[in-house]
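Examination of the molecular architecture
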Amino acid sequence: MTQEHLDVLIVGAGISGIGSAYHLQEQCPGKRYAILEGRDSIGGTWDLFRYPGIRSDSDMFTLGFSFHPWKEAKAIADGPSILRYLKQTAQAYGIDRHIRFQHKVIAASWSSAEAKWTVDVERGPDREKARLTCNFLYSCSGYYRYDAGYTPDFPGASQFEGQLIHPQQWPENLDYAGKRVVVIGSGATAVTLVPSMADEAAHVTMLQRSPSYVLSLPAEDPIANALRRLLPEQMAHGAARLKNVLLSMLIYQVCRRRPEFAKRIIRKYVARALPPGYPVDTHFKPTYNPWEQRLCLVPNNDLFKAIRKGRASVETDHVESFTATGIQLKSGKHLDADIIVSATGLQLIAMGGVKISVDGQAVDLSKRFSYKGVMLSGVPNAAASIGYTNASWTLRADLISRYVCRLLNHMDKHSYQVCTPVNTDNSMPELPLLDLTSGYVQRAAAMFPKQGGKAPWQLKQNYFLDLLSLSFGALEDDALRYEREPAQAQPLREAA
């Protein structure tokens with residue numbers, strides 16, 4: 001069977017895949033590439049989620065691409081606007097012509113003897129099996145499962161006579177007008193759903209086991225909009241992007257270095273936005289420090305406005321069991337509901353669930369270290385795009401794509417066929433790759449690669465340090481092994 005061969009295979013046509021394709025075209029114009037997308041449409045997250053009010057919790061000057069300015073007035077944008085932007089970007093740069101839809105990558109196996117990847121794919125509605133080969137494999141599929149979100153095993157859920165919905169599988173044309181809705185959760189999805197549904201529903205209750213930190217920002221960025229009136233488009237976009245990078249880094253550093261001060265400031269603004277006498281500490285005082293979990297962003301105080309109007313409320317309690325007509329809480333209170341939304345998080349999955357093997361040996365991702373947050377120890381010619389947990393995803397995805405292109409050009413210049421990160425330090429501690437205490441992260445932490453305690457195995461949640469390392473750092477160091485000729489299949493000698 002004749003197998004198609006490409007220089008680079010990108011897995012995923014979401015925001016990371018589109019960005020990586022652009023940089024590949026610009027920096028490595030001689031490389032032949034394709035984007036394999038398991039679904040039948042572009043956009044990844046922004047096409048998958050269809051629940052009311054779906055929006056970014058990062059501003060579009062940093063979540064958007066550095067090379068394609070965001071032109072709309074709102075910096076905190078809704079999902080449909082972001083999806084339009086991604087489609088326009090892919091079309092404007094001819095990236096859409098490289099996307100192969102309904103191509104789900106199942107497995108990828110590396111051959112040292114041939115110095116290439118063999119990629120097994122299921123394509124089309126009949127899931128026909130196909131196979132491609134490539135020199136370099138670039139995973140841009142994010143880190144959560146697209147086919148299912150996380151829903152706890154709620155006691156008595158089968159008794160509930162209304163609709164039980166997870167936001168990841170939102171029913172088309174769901175009618176919630178005049179109905180009582182309970183949204184279980186306190187994260188970004190919950191604080192988005194509650195005010196979005198409150199205008200039409202009879203009442204919306206956000207039921208949380210414990211509170212999250214919630215910050216409000218203007219939906220429109222007045223400084224960015226002023227810059228756009230004064231400066232050329234690309235210059236204004238760059239200035240707004242830099243301003244927002246600095247602002248997000250400042251907020252993060254204050255939260256981590258001065259948590260008590262940050263708590264006081266956040267509480268002050270939350271209390272000001274809520275009705276007088278509202279029990280702020282009951283419903284909006286978390287037990288953890290700011291940025292140990294992601295902060296929830298609400299544009300223009302929309303969540304607090306819904307509470308002030310009486311259209312929404314918050315209950316901080318535990319579920320005793322579902323009943324036919326709602327939820328019985330452990331406090332003894334009963335929440336009546338026609339619709340229950342389980343905004344209880346994601347199921348994380350490493351490398352999109354693709355089975356990776358090297359020279360016939362299955363790769364246990366949980367036993368590998370992440371090199372600069374880009375490549376994996378003992379895995380040749382492969383990279384994965386993992387964005388920031390404390391800032392916009394695209395900021396880091398952009399740096400990773402630039403690094404991959406630098407690496408490919410460096411390999412061509414020196415006639416290298418293979419590049420493999422190798423860890424030989426037996427004493428290096430294993431640390432979680434993702435540094436959040438959120439439930440969805442902790443549930444999957446054991447399945448993900450690890451980071452080390454020092455460079456180049458340490459993952460920095462700092463844009464400017466990553467900029468120095470990934471855009472200007474050396475491409476040859478003690479942790480990278482380059483080869484000019486295909487090697488005989490043999491296990492890499494790595495630290496145990």
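Residues numbered from 1 in each chain as written. Predicted model: local features only at pLDDT ≥ 70, side-chain atom pairs only at ≥ 80, totals over all residues. Heavy atoms only, no water.

1. Examining the overall build of the protein
Under the convention used in this document: Put simply, DSSP marks the helices as runs of H or I at least four residues long and the strands as runs of E at least two long, and each gets a number from the N terminus on. Atoms considered for the radius of gyration are the C-alpha atoms alone. The globule rule reads 2.2 Å times the number of residues to the power 0.38. Summary of the burial criterion: residues with accessible area below 20% of their type's maximum are buried, those above 50% are exposed, and those between are partly exposed, where the area comes from a 1.4 Å probe applied to protein chains only. Only the protein chains shown count as covering a residue, and every accessible area follows the Shrake-Rupley method with a 1.4 Å probe.
Looking only at helices and strands, the protein has 13 helices and 25 strands in total. Relative to the compact-globule value of 23 Å for 496 residues, the protein shows a C-alpha radius of gyration of 24 Å, a close match. Taken over 496 residues, the protein has a buried fraction of 55%. Of the accessible surface of the protein, which amounts to about 22,100 Å², a share of 51% is contributed by carbon and sulfur atoms.

2. Observations regarding unusual backbone geometry
Cis geometry is adopted by the peptide bond preceding P456, which originates at A455 and carries an omega value of 0°. Locating P456 in the fold gives a position in the loop between β24 (450–451) and α13 (463–472). Of note, Q102 is a non-glycine position whose phi angle comes to about 55°, a positive value. For Q102, the position within the fold is in the loop between β3 (99–100) and β4 (103–111). What makes Q102 partly exposed here is its relative accessible area of 27%. Phi is positive for R127, close to 55°, though the residue is something other than glycine.

3. Side note on empty space enclosed by the protein
Threshold: Only protein atoms enter the 1 Å grid used here. Points where a 1.4 Å probe fits but cannot escape make up a cavity, open sets with protein on both sides within 12 Å along at least five of seven lines make up a pocket, and a residue lines them when an atom lies within 4 Å of a point. Grid points are joined across faces, edges and corners, and a volume is the space filled by probe spheres set on the points. Classes in brief: Ala, Val, Leu, Ile, Met, Phe, Trp, Tyr, Cys and Pro nonpolar; Asp, Glu, Lys and Arg charged; the others, Gly included, polar.
Summed over the entire model, instances satisfying the criterion amount to 6 cavities of 30 Å³ or more. If you add up the space inside the largest cavity, you get close to 160 Å³. Partitioned by chemical class, the residues of the lining of the largest cavity number 12 nonpolar, 5 polar and no charged. Its volume calculated, the second largest cavity comes out at about 80 Å³. Every residue lining the second largest cavity is listed: V245, S248, M249, Y252, Q253, Y388, N390, A391, L395, Q461, N462 and Y463. Broken down by element, the residue count for the lining of the second largest cavity peaks at 5 residues, all from helix α7 (residues 233–257). By residue class, the composition of the lining of the second largest cavity is 7 nonpolar, 5 polar and no charged.

4. Quick notes on the packing of aromatic side chains
Heads up, the rule is: By convention, a stacked pair of Phe, Tyr or Trp rings (six-membered ring in the case of Trp) has centres within 6.5 Å and planes under 30 degrees apart, an edge-to-face pair has planes over 60 apart, and any other such pair is tilted.
Applying the stated rule across the entire model yields 21 aromatic pairs. Taking the centre distance of 6.1 Å and the plane angle of 45° together, the rings of F49 and Y144 count as tilted. One end of the pair, F49, is in the loop between α2 (45–48) and α3 (60–63); the other, Y144, is in the loop between β6 (128–139) and β7 (163–165), with 95 residues separating them in the sequence. A relative accessible area of 10% places Y144 in the buried class. Plain terms: the ring middles of Y213 and Y288 are 5.4 Å apart, the flat faces sit at 85° to each other, and that makes the pair edge-to-face. Of this pair, Y213 sits in the loop between β9 (203–208) and β10 (214–217) while Y288 sits in the loop between α9 (280–283) and β11 (296–299); the two residues are 75 residues apart in sequence, bridging distant segments of the chain.

5. Things to note about the side chain of D59
In plain terms, the rule: Asp and Glu count as negative and Lys and Arg as positive, but His and the ends of the chain are not part of the count. For salt bridges, the criterion is a side-chain nitrogen of Lys or Arg within 4 Å of an Asp or Glu carboxyl oxygen. Here a polar contact is recorded for every N or O atom pair within 3.5 Å, except that within protein the pair must consist of a potential hydrogen donor and a potential acceptor, and residues adjacent in sequence are included only if both atoms are side-chain atoms. The contact rule is simple, with two residues in contact once any of their heavy atoms fall within 4.5 Å.
Mapping D59 onto the fold places it in the loop between α2 and α3. The side chain of D59 is buried and forms no salt bridge, while K243, the nearest opposite charge, is found at 7.0 Å. Polar contacts involving the side chain of D59 include one to the side chain of T62, which spans 2.8 Å. In this structure, D59 is in contact with A75, I76, N244 and S392, ignoring residues within four places of it in sequence.

6. What to know about the packing of helix α6 (residues 222–230) against α7
Condition: Helix axes are fitted only over the stretch in contact, all axes being lines through C-alpha atoms; the angle between N-to-C directions runs from 0 to 180 degrees. Angle categories are assigned with fixed cut-offs, so that under 35 degrees is roughly parallel, over 145 is roughly antiparallel, 65 to 115 is roughly perpendicular, and the rest are oblique. Each helix crossing is assigned a hand: it is left-handed if the near helix lies turned anticlockwise from the far helix by less than a right angle, otherwise right-handed if that turn is clockwise.
Close contact between α6 and α7 brings their axes to 8 Å; oriented N to C, the two are set at 160°. Overall, the two elements α6 and α7 adopt an arrangement that is roughly antiparallel. For the pair α6 and α7, the sense of crossing is right-handed. Here I223, A224, L227 and R228 of α6 lie close against α7, whose contacting residues are A236, A239, A240 and K243.

7. Topic: the pattern of salt bridges
Scanning the model with the defined rule gives 24 salt bridges in all. With a closest N to O distance of 2.9 Å, E4 and R32 form a salt bridge. Here the residue E4 occupies a position in strand β1 (residues 4–11), and R32 occupies one in the loop between α1 (15–27) and β2 (33–36), the gap between them amounting to 28 residues. Across the pair D425 and K454 runs a salt bridge, and its minimum N-O distance is 3.0 Å. Note that D425 is positioned in the loop between β22 (418–421) and β23 (431–432) and K454 in the loop between β24 and α13, a separation of 29 residues in sequence. A single salt-bridge network, built from bridges that share partners, covers E4, R32 and R100.

8. Looking at the confidence of the model for the protein
Note the cut-off: Confidence scores labelled pLDDT are given residue by residue by the predictor and lie between 0 and 100.
Put simply, the protein has an average pLDDT of 93, and 97% of its residues get 70 or more. Of the regions scoring below 50 in pLDDT, residues 489–493 engages in 9 contacts with residues more than four places distant in sequence or in other chains.

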